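What follows is the residue order along each chain.
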Amino acid sequence: MHKHLLDADDCGAKPGAMTKLPAPVLMLGSVLSLQFGQAIGKQLSGTVGAPGVVALRLGLAAALLLLLYRPSLPRSRTDAGVILGFGTAIAGMNLIYPALTLLPLGLASALQLLGPITLALLTSRRLRDAGCAVLAGGGVWLFYAPQGARFPLDGVLLALASGVCMAAYLLLSKRAGARSTGGDSLALALAWAAVLTVPLGVMEQGTHLLAPQVLLTGIVVAALSAVLPYSLELAALRRLPTGTAGVLASLEPASAGLAGVLVLDEHLAVTQWAALACVGTASAGTVVRREKKHGETAPDTGSPINVRAAPEATATGMAGKER
(Lines give C-alpha, C1' and ligand atoms only; values in the text may rest on other atoms or scores of the structure.)
Protein backbone atom coordinates (compact mmCIF):
# COMPACT_ATOMS: atom_id res chain seq x y z
CA MET A 1 0.00 0.00 0.00
CA HIS A 2 2.51 1.93 -1.36
CA LYS A 3 2.09 4.27 -0.57
CA HIS A 4 1.02 8.41 0.68
CA LEU A 5 -2.53 9.00 1.21
CA LEU A 6 -3.61 12.31 2.62
CA ASP A 7 -3.12 15.97 2.17
CA ALA A 8 -1.15 17.50 5.00
CA ASP A 9 -3.67 20.24 5.61
CA ASP A 10 -6.56 17.76 5.65
CA CYS A 11 -4.76 15.72 8.27
CA GLY A 12 -4.19 18.71 10.42
CA ALA A 13 -0.45 18.19 10.16
CA LYS A 14 1.60 20.62 12.20
CA PRO A 15 5.03 21.93 11.30
CA GLY A 16 7.61 19.96 13.19
CA ALA A 17 11.07 18.53 12.97
CA MET A 18 10.46 17.07 9.50
CA THR A 19 9.64 20.50 8.07
CA LYS A 20 13.20 21.59 8.81
CA LEU A 21 14.53 19.14 6.24
CA PRO A 22 14.46 19.93 2.51
CA ALA A 23 11.26 18.64 0.91
CA PRO A 24 13.10 16.52 -1.71
CA VAL A 25 14.97 14.79 1.14
CA LEU A 26 11.66 13.94 2.79
CA MET A 27 10.26 12.60 -0.48
CA LEU A 28 13.35 10.49 -1.11
CA GLY A 29 13.15 9.23 2.47
CA SER A 30 9.56 8.16 1.83
CA VAL A 31 10.57 6.19 -1.28
CA LEU A 32 13.50 4.48 0.47
CA SER A 33 11.49 3.70 3.60
CA LEU A 34 8.74 2.06 1.55
CA GLN A 35 11.10 -0.20 -0.39
CA PHE A 36 13.29 -1.14 2.56
CA GLY A 37 10.12 -1.92 4.50
CA GLN A 38 9.00 -4.21 1.70
CA ALA A 39 12.43 -5.86 1.68
CA ILE A 40 12.12 -6.64 5.40
CA GLY A 41 8.58 -7.85 4.72
CA LYS A 42 9.96 -10.25 2.14
CA GLN A 43 12.38 -11.58 4.74
CA LEU A 44 9.56 -11.98 7.24
CA SER A 45 7.52 -13.94 4.69
CA GLY A 46 10.09 -16.71 5.04
CA THR A 47 8.87 -17.09 8.62
CA VAL A 48 5.14 -16.39 8.49
CA GLY A 49 4.42 -16.53 4.76
CA ALA A 50 3.12 -13.72 2.58
CA PRO A 51 -0.41 -13.83 4.11
CA GLY A 52 1.12 -13.45 7.56
CA VAL A 53 3.16 -10.43 6.47
CA VAL A 54 0.13 -8.76 4.91
CA ALA A 55 -1.96 -9.48 8.01
CA LEU A 56 0.64 -7.87 10.28
CA ARG A 57 1.24 -4.92 7.97
CA LEU A 58 -2.38 -3.99 7.36
CA GLY A 59 -3.66 -5.02 10.76
CA LEU A 60 -1.12 -2.94 12.67
CA ALA A 61 -1.37 0.04 10.30
CA ALA A 62 -5.18 0.00 10.51
CA ALA A 63 -5.13 -0.18 14.30
CA LEU A 64 -2.75 2.77 14.48
CA LEU A 65 -4.78 4.97 12.14
CA LEU A 66 -8.09 4.07 13.78
CA LEU A 67 -6.66 5.17 17.11
CA LEU A 68 -5.14 8.29 15.57
CA TYR A 69 -8.16 9.55 13.60
CA ARG A 70 -11.13 7.87 15.36
CA PRO A 71 -13.18 8.07 12.15
CA SER A 72 -16.94 8.34 11.94
CA LEU A 73 -18.82 5.66 10.05
CA PRO A 74 -19.94 6.49 6.48
CA ARG A 75 -23.16 8.49 6.40
CA SER A 76 -24.62 6.98 3.23
CA ARG A 77 -24.52 3.82 1.16
CA THR A 78 -22.60 5.67 -1.52
CA ASP A 79 -19.94 6.74 0.97
CA ALA A 80 -19.75 3.20 2.33
CA GLY A 81 -19.39 1.79 -1.17
CA VAL A 82 -16.49 4.13 -1.98
CA ILE A 83 -14.71 3.23 1.26
CA LEU A 84 -15.19 -0.48 0.64
CA GLY A 85 -13.85 -0.16 -2.90
CA PHE A 86 -10.93 1.93 -1.67
CA GLY A 87 -10.08 -0.63 1.00
CA THR A 88 -10.42 -3.53 -1.41
CA ALA A 89 -7.94 -1.86 -3.75
CA ILE A 90 -5.51 -1.39 -0.83
CA ALA A 91 -5.85 -5.08 0.04
CA GLY A 92 -5.22 -6.00 -3.59
CA MET A 93 -2.09 -3.88 -3.76
CA ASN A 94 -0.63 -6.18 -1.11
CA LEU A 95 -0.49 -8.96 -3.69
CA ILE A 96 3.01 -7.56 -4.10
CA TYR A 97 4.03 -9.58 -1.02
CA PRO A 98 3.31 -13.05 -2.42
CA ALA A 99 4.92 -11.81 -5.65
CA LEU A 100 8.04 -10.95 -3.65
CA THR A 101 8.42 -14.56 -2.57
CA LEU A 102 8.91 -15.44 -6.25
CA LEU A 103 10.58 -12.38 -7.80
CA PRO A 104 13.45 -10.00 -7.06
CA LEU A 105 12.24 -6.88 -5.24
CA GLY A 106 13.29 -4.56 -8.07
CA LEU A 107 11.40 -6.52 -10.73
CA ALA A 108 8.27 -6.81 -8.59
CA SER A 109 8.28 -3.05 -7.97
CA ALA A 110 8.77 -2.31 -11.68
CA LEU A 111 5.92 -4.64 -12.68
CA GLN A 112 3.64 -3.06 -10.09
CA LEU A 113 4.40 0.41 -11.44
CA LEU A 114 3.15 -0.70 -14.85
CA GLY A 115 -0.39 -0.39 -13.48
CA PRO A 116 -0.32 3.41 -13.07
CA ILE A 117 1.72 3.81 -16.26
CA THR A 118 -0.84 1.81 -18.24
CA LEU A 119 -3.62 3.87 -16.73
CA ALA A 120 -1.79 6.99 -17.85
CA LEU A 121 -1.62 5.62 -21.39
CA LEU A 122 -5.30 4.65 -21.45
CA THR A 123 -6.41 8.06 -20.20
CA SER A 124 -4.16 10.10 -22.47
CA ARG A 125 -4.13 10.87 -26.16
CA ARG A 126 -0.63 12.31 -26.23
CA LEU A 127 2.19 10.64 -28.10
CA ARG A 128 4.62 11.27 -25.27
CA ASP A 129 2.63 9.08 -22.89
CA ALA A 130 2.64 6.30 -25.49
CA GLY A 131 6.41 6.66 -25.67
CA CYS A 132 6.64 6.39 -21.88
CA ALA A 133 4.57 3.21 -21.98
CA VAL A 134 6.87 1.74 -24.63
CA LEU A 135 9.89 2.69 -22.50
CA ALA A 136 8.36 0.96 -19.49
CA GLY A 137 7.65 -2.15 -21.54
CA GLY A 138 11.21 -2.09 -22.85
CA GLY A 139 12.46 -1.92 -19.28
CA VAL A 140 10.53 -5.05 -18.34
CA TRP A 141 11.88 -6.78 -21.47
CA LEU A 142 15.44 -5.88 -20.42
CA PHE A 143 14.92 -7.81 -17.21
CA TYR A 144 14.23 -10.97 -19.19
CA ALA A 145 15.73 -11.19 -22.66
CA PRO A 146 19.40 -10.12 -22.58
CA GLN A 147 20.34 -12.39 -19.67
CA GLY A 148 17.94 -15.16 -20.61
CA ALA A 149 16.39 -14.68 -17.18
CA ARG A 150 13.33 -16.72 -16.31
CA PHE A 151 10.96 -15.83 -13.52
CA PRO A 152 7.88 -17.73 -12.31
CA LEU A 153 4.80 -16.74 -14.26
CA ASP A 154 2.64 -16.73 -11.14
CA GLY A 155 4.99 -14.21 -9.51
CA VAL A 156 4.79 -11.95 -12.57
CA LEU A 157 0.99 -12.19 -12.63
CA LEU A 158 0.74 -11.39 -8.91
CA ALA A 159 2.91 -8.27 -9.34
CA LEU A 160 0.87 -7.16 -12.35
CA ALA A 161 -2.36 -7.75 -10.41
CA SER A 162 -0.96 -5.58 -7.64
CA GLY A 163 -0.32 -2.88 -10.23
CA VAL A 164 -3.92 -3.11 -11.47
CA CYS A 165 -5.10 -2.66 -7.88
CA MET A 166 -2.75 0.30 -7.53
CA ALA A 167 -4.36 1.93 -10.54
CA ALA A 168 -7.80 1.31 -9.04
CA TYR A 169 -6.59 2.68 -5.71
CA LEU A 170 -5.42 5.86 -7.36
CA LEU A 171 -8.78 6.39 -9.01
CA LEU A 172 -10.78 5.62 -5.85
CA SER A 173 -8.63 7.59 -3.43
CA LYS A 174 -9.78 10.93 -4.82
CA ARG A 175 -13.45 10.00 -4.39
CA ALA A 176 -12.85 8.65 -0.91
CA GLY A 177 -10.98 11.74 0.20
CA ALA A 178 -13.62 14.07 -1.22
CA ARG A 179 -16.31 12.40 0.88
CA SER A 180 -14.63 12.69 4.27
CA THR A 181 -12.42 14.98 6.30
CA GLY A 182 -9.01 14.36 7.80
CA GLY A 183 -7.84 10.77 7.73
CA ASP A 184 -11.28 9.18 8.14
CA SER A 185 -11.44 7.64 4.67
CA LEU A 186 -7.94 6.20 4.88
CA ALA A 187 -8.45 4.77 8.36
CA LEU A 188 -11.75 3.15 7.41
CA ALA A 189 -10.36 1.83 4.11
CA LEU A 190 -7.36 0.31 5.88
CA ALA A 191 -9.68 -1.25 8.43
CA TRP A 192 -11.67 -2.90 5.61
CA ALA A 193 -8.43 -4.03 3.93
CA ALA A 194 -7.42 -5.59 7.25
CA VAL A 195 -10.80 -7.35 7.51
CA LEU A 196 -10.15 -8.89 4.09
CA THR A 197 -6.57 -9.97 4.73
CA VAL A 198 -5.94 -10.57 8.44
CA PRO A 199 -8.12 -13.74 8.59
CA LEU A 200 -6.01 -15.29 5.83
CA GLY A 201 -2.84 -14.71 7.80
CA VAL A 202 -4.41 -15.98 11.01
CA MET A 203 -5.74 -19.12 9.27
CA GLU A 204 -2.26 -19.91 7.98
CA GLN A 205 -0.13 -18.93 10.97
CA GLY A 206 -2.47 -18.71 13.96
CA THR A 207 -0.93 -17.47 17.19
CA HIS A 208 2.54 -17.64 15.61
CA LEU A 209 1.84 -14.09 14.40
CA LEU A 210 1.87 -13.00 18.05
CA ALA A 211 5.32 -14.41 18.77
CA PRO A 212 7.42 -11.53 20.13
CA GLN A 213 10.06 -11.61 17.38
CA VAL A 214 7.46 -11.92 14.62
CA LEU A 215 5.27 -9.17 16.07
CA LEU A 216 8.25 -6.86 16.50
CA THR A 217 9.35 -7.40 12.90
CA GLY A 218 5.76 -6.86 11.78
CA ILE A 219 5.71 -3.52 13.57
CA VAL A 220 8.94 -2.57 11.77
CA VAL A 221 7.41 -3.53 8.41
CA ALA A 222 4.22 -1.57 9.13
CA ALA A 223 6.23 1.46 10.24
CA LEU A 224 8.72 1.45 7.35
CA SER A 225 6.33 0.50 4.55
CA ALA A 226 3.26 2.47 5.68
CA VAL A 227 3.35 4.90 8.59
CA LEU A 228 6.75 6.52 7.98
CA PRO A 229 6.43 6.88 4.18
CA TYR A 230 3.02 8.49 4.55
CA SER A 231 4.27 10.93 7.19
CA LEU A 232 7.36 11.91 5.21
CA GLU A 233 5.42 12.41 2.01
CA LEU A 234 2.76 14.49 3.72
CA ALA A 235 5.44 16.80 5.08
CA ALA A 236 7.15 16.98 1.68
CA LEU A 237 3.99 17.83 -0.24
CA ARG A 238 3.40 20.92 1.86
CA ARG A 239 6.37 22.51 0.10
CA LEU A 240 7.04 20.46 -3.03
CA PRO A 241 5.35 20.79 -6.45
CA THR A 242 3.31 17.71 -7.22
CA GLY A 243 5.22 16.98 -10.43
CA THR A 244 8.57 17.16 -8.68
CA ALA A 245 7.32 14.81 -5.99
CA GLY A 246 6.09 12.45 -8.68
CA VAL A 247 9.50 12.37 -10.33
CA LEU A 248 11.14 11.55 -6.99
CA ALA A 249 8.53 8.83 -6.39
CA SER A 250 9.52 7.34 -9.74
CA LEU A 251 12.80 6.34 -8.15
CA GLU A 252 10.96 3.44 -6.52
CA PRO A 253 12.15 0.70 -8.90
CA ALA A 254 15.78 1.77 -8.45
CA SER A 255 15.38 2.06 -4.66
CA ALA A 256 13.74 -1.37 -4.66
CA GLY A 257 16.78 -2.74 -6.47
CA LEU A 258 19.04 -1.11 -3.88
CA ALA A 259 17.00 -2.52 -1.00
CA GLY A 260 17.15 -5.94 -2.65
CA VAL A 261 20.94 -5.76 -2.78
CA LEU A 262 21.48 -4.46 0.75
CA VAL A 263 18.78 -6.34 2.64
CA LEU A 264 18.12 -9.46 0.57
CA ASP A 265 21.45 -9.99 -1.21
CA GLU A 266 19.67 -9.89 -4.58
CA HIS A 267 22.33 -8.94 -7.10
CA LEU A 268 21.22 -7.57 -10.46
CA ALA A 269 23.05 -7.46 -13.79
CA VAL A 270 23.86 -4.10 -15.38
CA THR A 271 21.09 -4.57 -17.91
CA GLN A 272 18.61 -5.21 -15.12
CA TRP A 273 19.59 -1.95 -13.41
CA ALA A 274 19.06 -0.29 -16.78
CA ALA A 275 15.63 -1.94 -16.91
CA LEU A 276 14.67 -0.39 -13.56
CA ALA A 277 15.90 2.98 -14.81
CA CYS A 278 13.68 2.68 -17.90
CA VAL A 279 10.57 2.01 -15.82
CA GLY A 280 11.37 4.84 -13.42
CA THR A 281 12.05 7.25 -16.29
CA ALA A 282 8.77 6.29 -17.95
CA SER A 283 6.88 7.01 -14.74
CA ALA A 284 8.66 10.34 -14.30
CA GLY A 285 7.95 11.26 -17.92
CA THR A 286 4.20 10.99 -17.47
CA VAL A 287 4.42 13.29 -14.43
CA VAL A 288 6.68 15.94 -15.99
CA ARG A 289 4.51 16.28 -19.06
CA ARG A 290 1.46 17.03 -16.99
CA GLU A 291 3.31 19.41 -14.70
CA LYS A 292 4.35 21.47 -17.72
CA LYS A 293 0.89 21.26 -19.21
CA HIS A 294 -0.83 22.57 -16.09
CA GLY A 295 1.94 24.89 -14.96
CA GLU A 296 2.16 23.42 -11.46
CA THR A 297 4.37 25.36 -9.12
CA ALA A 298 3.13 24.10 -5.78
CA PRO A 299 1.25 21.12 -4.48
CA ASP A 300 -2.51 21.26 -4.52
CA THR A 301 -3.22 20.96 -0.82
CA GLY A 302 -6.92 20.90 -1.43
CA SER A 303 -6.73 17.35 -2.68
CA PRO A 304 -6.34 14.24 -0.56
CA ILE A 305 -4.36 12.55 -3.28
CA ASN A 306 -0.61 12.48 -3.47
CA VAL A 307 2.14 11.78 -5.93
CA ARG A 308 1.74 8.16 -6.98
CA ALA A 309 -1.31 8.94 -9.07
CA ALA A 310 0.43 11.59 -11.10
CA PRO A 311 -0.07 9.93 -14.51
CA GLU A 312 -3.77 9.37 -14.13
CA ALA A 313 -4.72 12.19 -11.80
CA THR A 314 -4.93 14.84 -14.48
CA ALA A 315 -6.78 12.60 -16.87
CA THR A 316 -9.54 12.05 -14.30
CA GLY A 317 -9.76 15.63 -13.16
CA MET A 318 -7.47 15.23 -10.16
CA ALA A 319 -4.99 17.88 -9.14
CA GLY A 320 -3.01 15.87 -6.58
CA LYS A 321 -1.84 12.33 -6.22
CA GLU A 322 -1.35 9.39 -4.00
CA ARG A 323 -0.56 5.76 -3.60
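Everything below is about the structure printed above this text.
Residues numbered from 1 in each chain as written. Predicted model: local features only at pLDDT ≥ 70, side-chain atom pairs only at ≥ 80, totals over all residues. Heavy atoms only, no water.

(A) Representation of the overall build of the chain. Check the secondary structure of the chain and you find 13 helices and zero strands. Along its sequence from the N terminus, the chain presents helices and strands in the succession α-α-α-α-α-α-α-α-α-α-α-α-α. For the chain, the residues scored as buried account for 54% of the 323 residues in total. (Helix = DSSP H or I, 4+ residues; strand = E, 2+ residues; numbered from the N terminus. Buried < 20%, exposed > 50% of the residue type's maximum accessible area, 1.4 Å probe, protein only.)

(B) Local environment of the nonpolar core. Core analysis: the largest hydrophobic core is formed by 61 residues, its most contacted members being Ile90, Tyr97, Leu111 and Leu190. Broken down by element, this core gets its largest block of residues, twelve residues, from helix H2 (residues 23–69). Counting residues in each nonpolar core, the second largest holds eight residues, with Ala23, Leu232, Ala235 and Ala236 among its members. (Core = buried A, V, L, I, M, F, W, Y, C linked by side-chain atoms within 4.5 Å.)

(C) Geometry of unusual backbone geometry. Positive phi values are uncommon outside glycine, yet arginine 70 reaches one of about 45°. Looking at where arginine 70 falls in the secondary structure, it is placed in the loop between H2 and helix H3 (77–93). Residue classification places arginine 70 among the exposed residues on the basis of a relative accessible area of 70%.

(D) Main features of the packing of H2 against helix H8 (residues 184–205). Direction vectors running N to C along H2 and H8 enclose 150°, while the axes themselves pass 7 Å from each other. In terms of their interaxial angle, H2 and H8 are classed as roughly antiparallel. Relative to H8, the crossing made by H2 is left-handed. (Axes fitted to C-alpha atoms, helices over the stretch in contact; angles between N-to-C directions. Parallel < 35°, antiparallel > 145°, perpendicular 65-115°, else oblique. Left-handed = near helix turned anticlockwise from the far one by under 90°.)

(E) Fine view of helix H11 (residues 252–264). Considered for burial, the residues of H11 that qualify are Glu252, Pro253, Ser255, Ala256, Gly257, Ala259, Gly260 and Leu264. Just downstream of H11, aspartate 265 is the residue with a positive phi angle, here 60°.

(F) Layout of the environment of glutamine 43. As for its placement among the helices and strands, glutamine 43 is situated in helix H2. The sequence separation of glutamine 43 and leucine 100 amounts to 57 residues, and the corresponding C-alpha distance is 9.5 Å. Those residues in contact with glutamine 43, other than ones at most four positions away along the chain, are Val263 and Leu264. (Contact = heavy atoms within 4.5 Å.)

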